[in-house]
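Here's the letter readout for the chains.
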Amino acid sequence: MPDGFISFIGFFSDFGDENILWPVMALTGLLLIVQARRKIFFQWLALVIVVFGGMLVLKLEFEACGRIPGQNLYSPSGHTAGTTFVYGSMIVLFGRLPIAGFVGALAIALLAGAARVWLHVHSVAEVCVGGALGMLGVLLLTFARYREIQTSSKQKKPDWSVVVLLVGVLIVALSLHGLRSPAEVWLEYFSHRFVAPFRHCPVTLSTT
């Protein structure tokens, strides 16, 4: 595969790093507060906890025993889950058609997952788990968004605050692009150090 293509894939994948995702989520939450959409703000916030908390639990569980030969599922893809949920939820929350946001999130999940596999960072099984978790969050948010639309008495008008959000996301993403969060390393260490003792990890016997 050409080096230029790999570089492009890596450039795209880096937009799913936590150093970018958390500021983008902060901007998303701020805009929901500014728009006085209190109910869906708390629903979205709960799903943030579900998706990222779920990924935290999965990583601690699967990484505890270290890499085992032949293992296809060691570290579920947090990049795929985060990229899918964060950017997908933005389309659902601020787009006119929530179902279009769900379809957009599905496309993001496929691209983000494929990128991680192409970069040899995760296996297919690992990106499938991450993508499924991210899509679960987007799916539940889509239902919440439809309920918001059905119960809202206000006529939808063009909102320049959404444009401001998109500009802010673009500035944040380009400013922080390329920075790598150490969260993955910390989680792996914590899992090996504190979770492994409570697991029945297989022992790999060395031959002499």
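Basis of the calculations
- Residues numbered from 1 in each chain as written.
- Predicted model: local features only at pLDDT ≥ 70, side-chain atom pairs only at ≥ 80, totals over all residues.
- Heavy atoms only, no water.
- Helix = DSSP H or I, 4+ residues; strand = E, 2+ residues; numbered from the N terminus.
- Buried < 20%, exposed > 50% of the residue type's maximum accessible area, 1.4 Å probe, protein only.
- Contact = heavy atoms within 4.5 Å.
- Areas by Shrake-Rupley, 256 points an atom, 1.4 Å probe, with all protein chains shown as cover.
- Lys, Arg positive; Asp, Glu negative; His and termini not counted.
- Charge placed at Lys NZ, Arg CZ, Asp CG, Glu CD.
- Disulfide = S-S within 2.5 Å.
- Salt bridge = Lys/Arg side-chain N within 4 Å of Asp/Glu carboxyl O.
- Axes fitted to C-alpha atoms, helices over the stretch in contact; angles between N-to-C directions.
- Parallel < 35°, antiparallel > 145°, perpendicular 65-115°, else oblique.
- Left-handed = near helix turned anticlockwise from the far one by under 90°.
- Nonpolar A, V, L, I, M, F, W, Y, C, P; charged D, E, K, R; others polar.
- Expected span 1.5 Å × (residues − 1).

(A) Representation of the overall build of the chain in the model. Counting secondary structure elements, the chain contains 8 helices and 0 strands. Counting from the amino terminus, helix and strand elements in the chain follow one another as α-α-α-α-α-α-α-α. Classification of the 208 residues of the chain by burial places 43% in the buried group. Residue pairs in contact within the chain that sit at least 24 positions apart in sequence constitute 83% of those at least 6 positions apart. If you sum the accessible surface of the chain, you get close to 12,100 Å²; carbon and sulfur atoms cover 71% of it. Side-chain charges in the chain split into 15 positive and 11 negative, and the spacing between the mean points of these groups amounts to 14 Å.

(B) Quick look at the state of the cysteines. One pass over the structure, following the stated rule, counts 1 disulfide. Sulfur-sulfur distance for the disulfide between Cys65 and Cys201 comes to 2.0 Å. Given an S-S torsion of about -80°, the disulfide between Cys65 and Cys201 has left-handed geometry. Of this pair, Cys65 sits in the loop between helix 3 (38-63) and helix 4 (78-94) while Cys201 sits in the segment after helix 8 (183-195), and the two are 136 residues apart along the sequence. Its relative accessible area of 26% is what places Cys201 among the partly exposed residues.

(C) Region of interest: the pattern of salt bridges. Taken as a whole, this structure holds 6 salt bridges when the rule is applied. Residue Glu63 is joined to Lys59 by a salt bridge in which the shortest nitrogen-to-oxygen separation is 4.0 Å. Of this pair, Glu63 and Lys59 both sit in helix 3, 4 residues apart, roughly one helical turn. Taking the relative accessible area as the measure of exposure, Glu63 reaches 2% and is therefore buried. Two residues, Glu61 and Arg199, come together in a salt bridge whose shortest N-O distance is 3.3 Å.

(D) Geometry of the environment of Ala132. Structurally, Ala132 is set in helix 6 (residues 124-151). Assessed through its relative accessible area of 47%, Ala132 is described here as partly exposed. C-alpha of Ala132 to C-alpha of Thr84: the two residues are 48 residues apart in sequence and 9.1 Å apart in space.

(E) The arrangement of the packing of helix 4 against helix 5 (residues 98-118) in detail. Running from amino to carboxyl end, helix 4 crosses helix 5 at an angle of 155°, the nearest separation of the two axes being 8 Å. By the angle class used here, helix 4 and helix 5 are roughly antiparallel. When you trace helix 4 past helix 5, the crossing you get is right-handed. Between helix 4 and helix 5, the contacting residues are His79, Thr80, Thr83, Thr84, Tyr87, Gly88, Ile91 and Val92 on the first element and Pro98, Gly101, Phe102, Gly104, Ala105, Ile108, Ala109, Ala112, Gly113 and Arg116 on the second. Of the residues in the contact of helix 4 with helix 5, the class split is 9 nonpolar, 8 polar and 1 charged.

(F) Helix 3, seen in detail. In this model helix 3 runs 37 Å from its N-terminal to its C-terminal C-alpha over 26 residues, within 8% of the 38 Å that 1.5 Å per residue would give. Listed as buried for helix 3 are Ile40, Phe41, Trp44, Leu47, Val48, Val51, Phe52, Met55, Lys59, Leu60 and Glu63. Those residues of helix 3 hidden inside the fold are in contact with helix 2 (18-34), helix 4, helix 6 and helix 8.

(G) Seen up close, the packing of helix 2 against helix 7 (residues 160-176). For the pair helix 2 and helix 7, interaxial distance at closest approach is 9 Å and the crossing angle is 165°. When the axis of helix 2 is compared with that of helix 7, the two are roughly antiparallel. The way helix 2 lies across helix 7 gives a crossing that is right-handed. Only Ser161, Val162, Leu165, Gly168, Val169, Val172, Ala173 and Leu176 of helix 7 make contact with helix 2, whose side of the interface consists of Asn19, Ile20, Pro23, Val24, Leu27, Thr28 and Leu31.

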